[in-house]
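# Understanding the architecture of this molecule
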Amino acid sequence: MRTVALLAIPLVTTACIGAELDDEFEEPIGEAEGAVISSNSILPNALWRNALSSTALTPNALSPTALTWASLSSSARGALQDPGTNGNLSRELLRYVVSCALRPNQSFSFSWTDSSGAVHPETYRGDLAIADWWVYGPLNDPFYQRHMSACLAARTNWYGVSVLISLRSNQPFMTSASEERSSYTVREGAFWGNLFSSTPYVRACYAPAGVARARALKRDCAAGHLNVDPGSGSTTTQACGTIAIAGSCDTVCSVVNADGGYYSQCLDNPAISPWARTDMVVTSFLPP
């Protein structure tokens, strides 16, 4: 089994969404054999463009080519070199795409120039190796598109804070050692979908027993962010950007793996079909 360094990607807060992102990764804080433990702080707006970020990079703008600077389209490169807010979102998305897709010994480098004329070199390194071959050709296989989408969704954080989580699935690139399973025991929820398709979507469900712990750690995207109206005091649940909340995993998922504790299958679109299931699901776990 491979050894994956536990990375703490720099903190990004909603207050600095328009500010320059820190270009440096922190040093590894530990290692675990066979672990798929990763940090998460990608903001919901970086996953899919909204009314405020119509020129930001999107996942399906990356998939038609190899994951190298030279292969990207001029519009994708322009989005990454944008010195404004949309550029920050685009670079944030690419950082996590590279982290999910490539191996630790692979990286993606480019530079951009801010409004004052200062040049910022960027190097994003791989981590989870879901599609390390992407550097040689397009990501056109729905199998890998879906696992990449689930990885990105699982690492989305409403607050933009970095929390170490354990990601597990039924695929070899997301196996977990016993040490990891004993350290990350709280099942948070599951994520699935395809952000790289012509009609991108991603969904999440929550494990009821893990909701309180997830919110205590500022992880809201499986169960939804609780928004309290200051005037009336009423509470509503808000999704993390484009991540649609499907409800309790107990209702929409089945077949919990006995060893890893992850969900092997979930309803692809429970609002439309109670029969169509997907086994390309990533389950997230938290420390107790």
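One structure accompanies this document, and this report is about it. Starting from 1, residues in each chain are numbered consecutively following that chain's sequence as written. Local features in this predicted model are restricted to residues whose pLDDT is 70 or higher, and side-chain atom pairs enter the listing and the counts only when it is 80 or higher, whereas totals over whole chains, interfaces and linings include all residues. Just so you know, side-chain values use all the structure's heavy atoms and leave hydrogens and water out.

### A few points about the nonpolar core
For clarity, the threshold we go by: Here, nonpolar core refers to any group of buried Ala, Val, Leu, Ile, Met, Phe, Trp, Tyr and Cys residues whose side-chain atoms link them within 4.5 Å. Burial status follows relative accessibility: with a 1.4 Å probe on protein chains alone, a residue under 20% of its type maximum counts as buried, one over 50% as exposed, and anything between as partly exposed. For helices the rule is a DSSP run of H or I covering at least 4 residues; for strands it is a run of E covering at least 2, with both sets numbered from the N terminus onward. Contacts are assigned to residue pairs that have any heavy atoms within 4.5 Å of one another.
In this structure, Leu67, Leu94, Trp134 and Met148 are the most contacted members of the largest nonpolar core, which totals 49 residues. Of all the secondary-structure elements, those providing two or more residues to this core are α3 (74–81), α4 (85–101), β4 (107–113), α5 (142–154), β6 (165–168), β7 (186–194), β8 (201–206) and β15 (282–286). Top contributing element to this core by residue count: α4, with seven residues. Not counting residues up to four positions away in its chain, the partners in contact with leucine 94 are Leu62, Leu67, Leu80, Phe108, Phe110 and Tyr124. If you look at the next biggest cluster of nonpolar residues, it comprises 11 residues, including Cys205, Cys249, Val252 and Cys253.

### Here's the deal with empty space enclosed by the protein
Put simply, the rule reads: Cavity means a closed set of points on a 1 Å grid over the protein atoms alone, one where a 1.4 Å probe fits but cannot get out, pocket means an open set with protein on both sides within 12 Å along at least 5 of 7 lines, and lining means a residue has an atom within 4 Å of a point. Grid points are joined across faces, edges and corners, and a volume is the space filled by probe spheres set on the points. Residues were grouped as follows: Ala, Val, Leu, Ile, Met, Phe, Trp, Tyr, Cys and Pro as nonpolar; Asp, Glu, Lys and Arg as charged; and all remaining residues, including Gly, as polar.
Applying the stated criterion across every chain yields a total of one cavity of 30 Å³ or more. Approximately 40 Å³ is the volume attributed to the largest cavity. For the largest cavity, the full set of lining residues is Glu188, Tyr206, Gly210, Val211, Ala214, Arg215, Arg219, Asp220, Ala222 and Ala223. For the lining of the largest cavity, the element with the highest residue contribution is helix α7 (residues 211–216), accounting for three residues. Partitioned by chemical class, the residues of the lining of the largest cavity number five nonpolar, one polar and four charged.

### What about the pairing of strand β5 (residues 119–125)?
Stated formally: Being paired, for any two strands, means DSSP has found at least two bridges between them.
Only one face of β5 is covered, namely the face carrying His120, Glu122 and Tyr124; the face carrying Val119, Pro121, Thr123 and Arg125 is uncovered. Turn length for the β4-β5 hairpin, with the two strands adjacent in sequence and antiparallel, is five residues, and the turn residue glycine 117 shows positive phi of about 95 degrees.

### Description of the packing of α3 against α4
Put simply, the rule is: Only C-alpha atoms enter the line fits that serve as axes; for helices the fit covers just the stretch in contact. Angles between N-to-C directions range over 0 to 180 degrees. Each angle gets one of four labels, with under 35 degrees taken as roughly parallel, over 145 as roughly antiparallel, 65 to 115 as roughly perpendicular, and the rest as oblique.
The N-to-C vectors of α3 and α4 enclose an angle of 110 degrees; their axes lie 6 Å apart at closest approach. Taken as axis vectors, α3 and α4 run roughly perpendicular relative to one another. Contacts between α3 and α4 pair Ala79, Leu80 and Gln81 from the former with Asn86, Gly87, Ser90, Arg91 and Leu94 from the latter. Classifying every residue of the contact of α3 with α4 gives three nonpolar, four polar and one charged.

### Points about α3
So the rule is basically this: Directions from the helix axis toward the C-beta atoms define the arc.
Three or more residues of α3 are buried, namely Ala76, Ala79 and Leu80. With its buried residues spanning 95 degrees around the axis, α3 presents them on a single face. Of the exposed residues in α3, those oriented more than 90 degrees away from the buried face are Ser74 and Ser75. In the core, the buried residues of α3 are packed alongside α4 and β4.

### Structural notes on the pattern of salt bridges
The test is simple: In the sections that follow, a salt bridge refers to a side-chain nitrogen of Lys or Arg positioned within 4 Å of a carboxyl oxygen of Asp or Glu.
Across all of its chains, the model carries three salt bridges by this definition. When the shortest N-O distance is used, the salt bridge between arginine 103 and aspartate 132 registers 2.9 Å. Separated by 29 residues along the polypeptide, arginine 103 in the loop between α4 and β4 and aspartate 132 in the loop between β5 and α5 bring together distant segments of the chain. Of the residues examined, aspartate 132 reaches a relative accessible area of 22% and is grouped as partly exposed.

### Focus: the sheet that holds strand β12 (residues 253–256)
Sheet architecture is open: three strands sit in the order β12-β13-β14, paired in antiparallel fashion. The open sheet terminates on both sides in strands that have one partner only, identified here as β12 and β14 (277–278). Of the strand pairs in this sheet, strand β13 (residues 263–267) and β14 are connected by two bridges, and their pairing is antiparallel. In the sheet register, cysteine 266 faces β14, and the bridge partner there is threonine 278.

### Examining the state of the cysteines
Selection criterion: Pairs of cysteine sulfur atoms within 2.5 Å are what we label disulfides.
With the rule as written, the count across this model stands at four disulfides. Here cysteine 100 is linked by a disulfide to cysteine 151, with a sulfur-sulfur distance of 2.1 Å. The sign of the -80 degrees torsion about the S-S bond sets the cysteine 100-cysteine 151 disulfide as left-handed. Of this pair, cysteine 100 sits in helix α4 while cysteine 151 sits in helix α5, and the two are 51 residues apart along the sequence. Side by side, cysteine 100 and cysteine 151 carry an identical accessibility label, which is buried. Residue pairing for cysteine 205: its cysteine sulfur links by disulfide to cysteine 249, the two sulfurs lying 2.0 Å apart. Measuring handedness by torsion sign, the sulfur bridge of cysteine 205 and cysteine 249 sits at about 100 degrees and is right-handed. Highlighted residues: cysteine 205 in strand β8 and cysteine 249 in helix α8 (residues 249–252), separated in sequence by 44 residues. A relative accessible area of 0% means that cysteine 205 is categorised as buried. Overall, cysteine 249 belongs to the buried group, its relative accessible area being 0%. Numbered by order of appearance in the sequence, the disulfide-linked cysteines of the protein pair as 1-2, 3-6, 4-5, 7-8.

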